[in-house]
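Here is what each chain is made of, one letter per residue.
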Amino acid sequence: MSKAHQLHELLVEGNEITIVCHNNPDPDCLASALALARIAAAAGIDERHILYSGDISHQQNRAFVNLLDIDIQPFESAAVQDRPPDSLLAFVDHSTPGANNQVPQGTSVDIVIDHHPAEDIDARFVDHRESIGAAATILTEYVRTLDIDLDTTLATALLFAIRRETLDFLRGATREEYDAAGYLHDYADQDLLRELSSPSISGATINAIATAIGNRTTKESVLISHVGQTTERDALPQAADYLVRLEGVETAIVFGIVDDAIQFSARSPDPRIHIGNMLGEVFEDVGSAGGHYDTAGGEIPLGIFADDTIDDAQLLEIVEQGITARLVARLDHTDES
């Protein structure tokens, strides 16, 4: 029996499904959640909820939710705890309670569909394919196999998600991404795809990226920078995407203070470095980090650096010194080995 049909068999047992996106969801997560909700509807589930925590702050993500009119609500822990047997909990594009989500650790999960590196995934249904370039590719396979009605909204969402997650098929794309895109193409709204690809950028995002450019330092082929304090969390990956393109740079790591946490984002086409593993090792004792061999991110609670006796400038200096020292120490260890 195919994975799609196994999923369908589980769904027909339920009367309600809560689909939890990871923190600060991107188009791959959002499109996958939308597709799973459609599959659940076809299986007879009338009560369907898509929840997220963090922010939808990247201009592309905001445009994605608004233009596709995705019904998504802020996460509340009560929605996932003390559920009756026919109330299903699903994760898309992430896999573990408490890791890149606000679901309490130990919460039972019914469905996990993910392509990110992870271990010890515990759910009644698991489709975990690290070799696949996007979670939306897996959901497209389900839609196709189960003959789910593919309207323009769903097709556009899935196709844009695949393109965005693979950087227009330049990062981690497999035959499955091309097959899925070929299937979705005739159903998608090409004008909307172009609009989603070129949303307006806020002044705060431009300022944060400019700050990262000005603060950059390099060690060999590794660039480290920070955006200071910002409300634009998604300026970090945009700055990393830009800075990794500088001549001589193979790895770019950008961090900044966002609300009550230190957020960071990294890009590394250097085949000698698995940036997800490296960041996980560097910050495992103070926060959480991880990702793929070429793209990664994470966060550290600000409380370990801050107290009530220091001002914002002092806090930023302490954070900059602490984060940079950890990264440089790890890079020095790599060079020695």
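The coordinates are above.
Structure report, in brief. (Residues numbered from 1 in each chain as written. Predicted model: local features only at pLDDT ≥ 70, side-chain atom pairs only at ≥ 80, totals over all residues. Heavy atoms only, no water.)

### Things to note about the overall build of the protein
Scanning the protein from N- to C-terminus turns up 11 helices and 12 strands. Here the C-alpha atoms of the protein give a radius of gyration of 20 Å, agreeing with the 20 Å that 2.2 N^0.38 yields for 337 residues. Expressed as lengths along the three principal axes of its C-alpha atoms, the size of the protein is roughly 55 × 45 × 40 Å. Looking at the 337 residues of the protein, the share that counts as buried comes to 51%. Taking the contacts inside the protein whose residues are at least 6 apart along the sequence as the reference set, 63% of them involve residues at least 24 apart. Accessible surface computed for the protein: about 15,400 Å², of which carbon and sulfur atoms make up 44%. (Helix = DSSP H or I, 4+ residues; strand = E, 2+ residues; numbered from the N terminus. Rg over C-alpha atoms; globule rule 2.2 N^0.38 Å. Buried < 20%, exposed > 50% of the residue type's maximum accessible area, 1.4 Å probe, protein only. Contact = heavy atoms within 4.5 Å. Areas by Shrake-Rupley, 256 points an atom, 1.4 Å probe, with all protein chains shown as cover.)

### Quick look at the sheet that holds strand β3 (residues 73-74)
Strand order in the open sheet made by the six strands is β3-β2-β1-β4-β5-β6, with parallel pairing throughout. Looking at the sheet topology across the chains shown, the edges are occupied by β3 and β6 (125-128). Relative to strand β5 (residues 111-114), strand β4 (residues 87-92) is paired through three bridges, and the arrangement is parallel. Each residue of the ladder has a partner; that of Val92, found in β5, is Ile113. The sheet contacts of helix α1 (residues 3-11) involve β1 (16-20), β4, β5 and β6, and relative to β6 the element is tilted by about 150°. Running over the sheet, helix α2 (residues 27-42) touches β1, β2 (47-52), β4 and β5 and is turned about 170° from β2. (Pairing = 2+ DSSP bridges. Axes fitted to C-alpha atoms, helices over the stretch in contact; angles between N-to-C directions.)

### Observations concerning the pattern of salt bridges
A complete count under the given rule lists 13 salt bridges for this structure. One salt bridge in this structure joins Glu141 and Arg129, with 3.0 Å as the shortest N-O distance. Residue Glu141 is found in helix α4 (residues 135-145), and its partner Arg129 is found in the loop between β6 and α4; the two are separated by 12 residues along the sequence. Judged by relative accessible area, which is 31%, Glu141 ranks as partly exposed. Ionic pairing is found between Asp270 and Arg272, a salt bridge with its closest N-O pair at 2.8 Å. On the basis of relative accessibility, which here comes to 3%, the residue Asp270 falls in the buried class. With a relative accessible area of 67%, Arg272 lands in the exposed category. (Salt bridge = Lys/Arg side-chain N within 4 Å of Asp/Glu carboxyl O.)

### Notes on the pairing of β6
Because side chains alternate across β6, one face comprises the buried residues Phe125 and Asp127, and the other comprises Val126 and His128, none of which is buried. Bridging between β5 and β6 involves four bridges; their strand directions are parallel. Bridge assignment links Asp114 to a residue of β6, and that residue is His128.

### Quick notes on the environment of Ala161
Tracing the sequence through the fold places Ala161 in helix α5 (residues 152-165). Distance in space between the C-alpha atoms of Ala161 and Asp82 is 33 Å, their sequence separation being 79 residues. In this view, Ala161 contacts Pro27, Asp28, Ala31 and Ala136; residues no more than four positions away in its chain are not counted.

### What to know about the packing of aromatic side chains
By the definition in use, this model includes five aromatic pairs. Arranged with centres 6.4 Å apart and planes meeting at 70°, the rings of Phe125 and Tyr142 form a pair that is edge-to-face. Within this pair, whereas Phe125 is found in strand β6, its partner Tyr142 is found in helix α4, the two being separated by 17 residues in sequence. On the accessibility criterion, Phe125 (4% relative accessible area) is buried. By relative accessible area, which is 0% here, Tyr142 ends up buried. Between Tyr183 and Tyr187 the ring centres are 5.8 Å apart and the planes differ by 55°, which places this aromatic pair in the tilted class. When its relative accessible area of 18% is taken as the criterion, Tyr183 is described as buried. For Lys3, the ring lying beneath its charged end belongs to Phe125, and the centroid distance is 5.3 Å. (Phe/Tyr/Trp six-rings, centres within 6.5 Å; stacked < 30°, edge-to-face > 60°. Lys NZ or Arg CZ within 6 Å of the ring centre and 35° of its normal.)

### Let's talk about helix α9 (residues 235-243)
Given 3.6 residues per turn, any residue in an α-helix points the same way as the ones three and four places further on. Taken across its nine residues, α9 has seven buried, putting it largely inside the fold. Listing the buried residues of α9 in full gives Ala235, Leu236, Pro237, Gln238, Ala239, Ala240 and Leu243. On its buried face, α9 sits against α3 (59-67), α8 (203-215), β8 (222-229), β9 (251-258) and β10 (261-267).

### What to know about the sheet that holds β8
An order of β7-β8-β9-β10-β12-β11 is seen for the six strands of this open sheet, with the pairing classed as mixed. Edge positions in the open sheet fall to β7 (217-219) and β11 (288-291), since each of these has one partner strand only. Strand-to-strand twist of the sheet, defined as the mean angle between neighbouring strand axes without regard to direction, takes the value 15°. Where β10 meets strand β12 (residues 295-301), seven bridges bridge the pair, whose relative direction is antiparallel. Counted as the bridge partner of Ala261 is Pro301 from β12. Across the sheet, α8 touches β7, β8 and β9, and the angle it forms with β8 is around 135°.

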